[in-house]
Amino acid sequence: MRLHRLTLQAFGPFRTRESVDFDTLRQGGLFLVHGATGAGKSTVFDAVCFALYGDVPGKRHALSLRSHHADAATVTQVELEFTMAGRRLRITRTPQQEKPGRVTLRSATAHLMERHADTAFGQEVWKPVVSGHQETNSEISALLGMSRDQFCQVVLLPQGEFARFLRADATERGAVLSRLFGTHRFTAVQRWLSDHAKETGRLRDEAQAGVWRDADRIQHAAATVGITITAPTPSPDAPDLTPAQTLGWAHSLGTAADTAHHGALAVQATARDEHGAATKHAETVHALAERQHRHRTATRALAELRAKDDHFGALEQTLERALRAEPVRALLNALDAADREHTAAAEARDKATQNLPEPHTQAGDADLATVENQLANDLGQLDALRHDEQRAAELTAALAALDAELEQAEADQTEIADRLQHADEERTEHTARLEAAQQAHVEAVRLGATLPQLARQLDAARRRDTLAGKSAKARAKAEKLKEAALAAGRQYRELLDRRLEGMAGELAGQLEADRPCPVCGSPTHPRPATAGEGHPTREDAAQADQEFRKSDRAWQKAEVDATKYATEAEAAREQAGDATTADLEQTHRDAERTHAELLGAAADIAPAEEQLRLFDEQHAERTKELTAIGRRIGDYIGRQETHAGEAELLGRRLKEALDGHPSVADRITHLTGQRATITAARTAIRHADTTAANLARARSGAEEQATDAGFDTLDDVRKALLPRGRTDHMAGELATWHTEQATQTATLADPVVAAAAQQDPADPQAADTALAEVTEHLATATAAETAARTCREALASHIDSLTAHTTRLGPLAEEHARARHLAELAAGTSTDNQLRMHLEAYVLAARLEDVARAANTRLKRMSLGRYLLSHTDTRSGRGRSGLGLEILDQWTGQTRDTKTLSGGESFFASLALALGLADIVAHEAGGSRLDTLFIDEGFGSLDEDTLDEVLQVLDELRSHSRAVGVVSHVADLRRRIPTQMHVRKHENGSTIRALECAPAH
């Protein structure tokens, strides 16, 4: 995967839209990311991780990454452009965030697009691939082939974490490796083997418990009927019994149960015959005893009935009088009802006449009818006056409204007249305001024409001051470089002179025996010259000449710069004049302030013109309004006079008709009440007369019916009457008495009962006692048969269950032994696992060997061939082995603990380990190539030579266009790494300065 461009907005400490061009960084290969603490260096990598996976490393949440510097309208967004598997892709994500001015949250979004060539127009266009977090994450996972944790471990190498990983124990190291390599499936296999061993053990124990449980049930069932044998009983106390012995014991108890059941059946049959005979004898005795009891009871009851003959004779006479009086009951009830109705009507009549107004309290129905008609006529006349009363009220309201309107109109007339008197003064004020704004506009235009010239003069003064300083520095630098160049020239000439002086010795040093001299041609060299001590070589002369030429070029360049700055400073001085920069700045500020004030005053032209126009329009409107108000006041006065006359006439008419009442409705209500009282009294009088006539007719009918029934008076009838329930009861009582006499007489006449009375008294108690004895014997025999049968059936069922459990127990025990051995082997607790290494640790140990091997290719270079990482499976104490790391010192041949390394040694050892782990994780994830790598801090602990070696190793990582980013505060790295990206921290948010290539010294 190759990163091209990252763009982030309102993300972390970055308020505005910032971009990182990884293509430009890749040109330098190794680049440095530096900045102050908290500026946001690591946030750049967080943004890459968030764009790809929708989340950031560590425990932070994406919602917390919104910039606190950003305004509410700016959306937090990250956009990453990258190439993967030959596809140019762009992913854009926004986290969940608050909407501006609302308490609701803006939903998170994700969009993945791919760049395609548009053959129709010869251009490249972006086309959507997927949208939404779920779909985008699935697509990214399929492309990269690694999880977020793996990506963070491969692309960002946090030195601090790997220093801990280097010194960690086996448990901590195993947790990191398990997370990166995804070996949890081996833990799952180990857990399954353990669970399987537990399950097979449970099934075996269940089968064994079933055998003992069935044996216990068999023994308990046999004991209930007293069956025992001498063979040992299977139980946890006798675990060595074989399945055959267990089943033989059970079948022996089953045979004994069958024999006991057959004996119980024979005893039960004999007891059943004896019980049948005793039952028949008891039934015969009880039948005789019952007939003898009936004869005694009937004799006694008949005597008691005959003793009550007088009582029932009187009862018959009372019942006969009540039946003769019964037809008169209804007429008596009607008479009582008529009497009650007349009494109530008379009371209502008296009460109604008491409510009549004077002088009508003693008047009859005819007089009351005359008064009622007169009241009806009066009510008709009052109803006709309702319209006059309503009109009078309307006139009163209209007069009140006219008074208010007249008062308001007169107040408006006074106000408008007052304002028109001051109109000339107000118009003068508006005209003066407009003229002042127009004058300010003229002054602003004039002053605005001079501002550019003042700005140019101020800018020239600033350049003059700046260039004066630069010119002085450039001249001083040129003088210094001139002295250095002259000194280098003298040194070069002196060295050249020394070399020429010792040239003979230098040539003599090249002579060889029997070879001609390059100067004289002689093959013999009797006295060759010798070079003096410290004689300069050709390389020394070339080096001195090169340094002289370099110094001379620097001097000439400095002279050009000094001349250029002096010329520019003079030109700026001519343009700025002799005034100081401070004076020019004050003059420019005063002019700008005055110009702004004049523009503000000139801006009042349009409002002043509008105010004057509105004033003239309002003045004309007020003049018209004053005339209209005068006409309205005359109209109000005329209408007042008309309404007042009509109201006076209606008032006199209503006063006569109301007779002191406040309104027509109140007078009508009073008269209506009097009429209703008279009507009620007339109704009560007529009803009382009617009920009196009804009472007389009811009394006459009742007396006639009583005479026909044989009674002298109505009081005799009332005494003879009985309650309706009482007569029925008396009739029933007489019928029962006659029926009982007939029944008892018939019983005594029955031949069977008469014959039983002649026999000896029966003894049913003795018969029942004999029957109870044989019944108890039968119950005992039946219970014994039931117990024997239940025991036989239970033993048969338990023996079948015992046979099934015994059959299952053997295979289950063998399967549990195998499962337990595999589980202990995978868990590292088996004696066959000598290293005590569980399954996941065994797999991780192999991965750790690969990591150590990959790390050593770089560690050997960084440590100048001294150190190598060594994986060890040695067990320490009682802990498990498999994930140990040691350092092999090749200079001494000894191994030692990683915790003994110094700070600098720990850094490059952990860095090599991190790089090796990154390579192995990338390989395990499908071999995805990652062309961008970040290394976070740790360089401050290295000495200069080791830092050179580490940077060379890192520089080799950028082969084949691979970019390596170093995140560090170390100042020396700014000199050693030319390509740099500076993250700056500000009060209003961090920024990423444009990529720069610093000179390498």
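Reading the values: the criteria
- Residues numbered from 1 in each chain as written.
- Predicted model: local features only at pLDDT ≥ 70, side-chain atom pairs only at ≥ 80, totals over all residues.
- Heavy atoms only, no water.
- Helix = DSSP H or I, 4+ residues; strand = E, 2+ residues; numbered from the N terminus.
- Buried < 20%, exposed > 50% of the residue type's maximum accessible area, 1.4 Å probe, protein only.
- Patch = residues over 30% accessible without salt bridge, like charges linked within 9 Å, V, L, I, M, F, W, Y side chains within 5 Å.
- Areas by Shrake-Rupley, 256 points an atom, 1.4 Å probe, with all protein chains shown as cover.
- Salt bridge = Lys/Arg side-chain N within 4 Å of Asp/Glu carboxyl O.
- Lys, Arg positive; Asp, Glu negative; His and termini not counted.
- Charge placed at Lys NZ, Arg CZ, Asp CG, Glu CD.
- Axes fitted to C-alpha atoms, helices over the stretch in contact; angles between N-to-C directions.
- Parallel < 35°, antiparallel > 145°, perpendicular 65-115°, else oblique.
- Left-handed = near helix turned anticlockwise from the far one by under 90°.
- Nonpolar A, V, L, I, M, F, W, Y, C, P; charged D, E, K, R; others polar.
- Phe/Tyr/Trp six-rings, centres within 6.5 Å; stacked < 30°, edge-to-face > 60°.
- Contact = heavy atoms within 4.5 Å.
- Pairing = 2+ DSSP bridges.
- Core = buried A, V, L, I, M, F, W, Y, C linked by side-chain atoms within 4.5 Å.
- pLDDT = per-residue confidence, 0-100.

Colleague: I tried to follow the overall build of the protein chain on my own but got confused; where do I start?
Modeller: Helix and strand counts for the protein chain come out as 27 helices and 18 strands. In the protein chain, which comprises 1001 residues, the proportion classed as buried is 36%.

Colleague: Could you clarify how one ought to interpret a negative patch on the surface in this entry?
Modeller: On the surface, a cluster of negative charge is contributed by Glu-415, Asp-418, Glu-621 and Glu-625. Counting only elements with at least two residues in the negative patch, the list comes to helix 12 (386-421) and helix 18 (605-658). Among the structural elements, Glu-621 can be located in helix 18.

Colleague: Is there a simple way to think about the packing of helix 8 (residues 243-306) against helix 23 (residues 764-827) in this case?
Modeller: Packed helices, taken two at a time, are described by their axes: the angle between them and the distance between them. For the pair helix 8 and helix 23, interaxial distance at closest approach is 6 Å and the crossing angle is 160 degrees. Between helix 8 and helix 23, the crossing angle belongs to the class labelled roughly antiparallel. Remark: the crossing between helix 8 and helix 23 carries left-handed chirality. Class assignment of the residues belonging to the contact of helix 8 with helix 23 gives a composition of 26 nonpolar, 14 polar and 7 charged.

Colleague: Hey, could you run me through the environment of Asp-383 in this one?
Modeller: By the element assignment, Asp-383 lies in helix 11 (residues 365-384). Spatially, the C-alpha atom of Asp-383 lies 7.7 Å from that of Ile-668, the residues being 285 residues apart in sequence.

Colleague: Would you mind going over the pattern of salt bridges with me for this structure?
Modeller: Proximity of charged atoms lets side chains of opposite charge pair with each other. Applying the stated criterion to the full structure yields 22 salt bridges. When the shortest N-O distance is used, the salt bridge between Arg-718 and Asp-336 registers 3.5 Å. Placement of the pair is Arg-718 in helix 20 (residues 714-720) and Asp-336 in helix 10 (residues 329-354), with a sequence separation of 382 residues. Note on Arg-718: relative accessible area 37%, which makes it partly exposed.

Colleague: Where do I start with the packing of aromatic side chains in this structure?
Modeller: Two descriptors summarise a pair of aromatic rings, namely the distance from one centre to the other and the angle between the planes of the rings. Under the defined criterion, the tally for this structure stands at 1 aromatic pair. Between the aromatic rings of Phe-11 and Phe-50, the centroid separation amounts to 5.8 Å while the plane-to-plane angle is 40 degrees, which identifies the pairing as tilted. Within this pair, whereas Phe-11 is found in the loop between strand 1 (2-9) and strand 2 (18-21), its partner Phe-50 is found in helix 2 (residues 41-53), the two being separated by 39 residues in sequence. Considered together, Phe-11 and Phe-50 belong to a single accessibility category, that of buried residues.

Colleague: Teacher, can you tell me more about the packing of helix 8 against helix 22 (residues 751-758) here?
Modeller: Interaxial distance between helix 8 and helix 22 falls to 8 Å at its minimum, and their mutual angle equals 100 degrees. Viewed along their axes, helix 8 and helix 22 adopt a mutual orientation that is roughly perpendicular. Here Leu-288, Arg-291, Gln-292, Arg-294 and His-295 of helix 8 come into contact with helix 22, specifically with Val-752, Val-753, Ala-754, Ala-756 and Ala-757. Partitioning the contact of helix 8 with helix 22 into residue classes produces 6 nonpolar, 2 polar and 2 charged.

Colleague: Hey, could you run me through the side chain of Lys-41 in this one?
Modeller: Counting through the fold element by element, Lys-41 comes out in helix 2. Those residues in contact with Lys-41 that sit more than four places away from it in its chain are Val-33, His-34, Gly-35, Ala-36, Val-967, His-969 and Val-983.

Colleague: Looking at this structure, I do not really get the environment of Arg-349. What am I missing?
Modeller: Along the chain, Arg-349 falls in helix 10. Owing to a relative accessible area of 26%, Arg-349 belongs among the partly exposed residues under this scheme. C-alpha separation for the pair Arg-349 and Ala-680, spaced 331 residues apart in sequence, amounts to 9.0 Å.

Colleague: Where do I start with the pairing of strand 1 in this structure?
Modeller: Looking along a regular strand, one sees side chains alternate from face to face of the sheet. Across the 8 residues of strand 1, 6 count as buried, placing the element largely inside the fold. The pairing of strand 1 with strand 4 (residues 77-84) spans 7 bridges and is classified as antiparallel. Bridge pairing in strand 4 places Arg-2 opposite Thr-83. In terms of strand pairing, strand 1 meets strand 2 through 4 bridges, oriented antiparallel. Bridging across to strand 2, Leu-6 finds its partner in Val-20.

Colleague: In this structure, what is going on with the sheet that holds strand 12 (residues 884-889)? I would like to understand it.
Modeller: Remark on secondary structure: sheet strands pair via backbone hydrogen bonds, oriented parallel or antiparallel. The antiparallel open sheet is built from 3 strands, whose spatial order is 11-12-13. Each end of this open sheet is capped by a strand with a single partner; those strands are strand 11 (867-872) and strand 13 (894-897). If you compare each strand with its neighbour and ignore which way they point, the axes differ by 40 degrees on average. By the bridge criterion, 4 bridges tie strand 12 to strand 13 in an arrangement that is antiparallel. By the bridge assignment for strand 13, Leu-888 is matched with Thr-895. Contacts from helix 24 (residues 839-862) reach strand 11 and strand 12 within the one sheet, and its direction differs from that of strand 11 by about 175 degrees.

Colleague: Would you explain the nonpolar core in this entry?
Modeller: Soluble globular proteins: nonpolar side chains tend toward being buried together. Among the nonpolar cores identified, the biggest contains 43 residues, and Leu-6, Leu-52, Leu-80, Phe-82, Leu-144 and Phe-151 are the most heavily contacted of them. Counting residues in each nonpolar core, the second largest holds 39 residues, with Phe-181, Met-837, Ala-854 and Leu-901 among its members.

Colleague: How do you make sense of the pairing of strand 12 when you look at a structure like this?
Modeller: Alternating residues of strand 12 divide into Leu-885, Ile-887 and Asp-889, all buried, and Gly-884, Glu-886 and Leu-888, none buried. Pairing analysis gives 6 bridges linking strand 11 to strand 12, with the strands arranged antiparallel. Bridge pairing in strand 12 places Leu-868 opposite Leu-888. A loop of 4 residues connects strand 12 with strand 13, the two strands running antiparallel in sequence, and Gly-893 in this loop sits at a positive phi of about 75 degrees.

Colleague: Explain the confidence of the model for the protein chain here, please?
Modeller: Should pLDDT be low for a region, the predicted coordinates there are not to be read in detail. Per-chain confidence: the protein chain averages 79 in pLDDT, with 87% of residues scoring 70 or above. The element-level mean pLDDT for the protein chain is lowest in strand 18 (residues 996-997), coming to 53, with strand 5 (residues 87-94) highest at 92.

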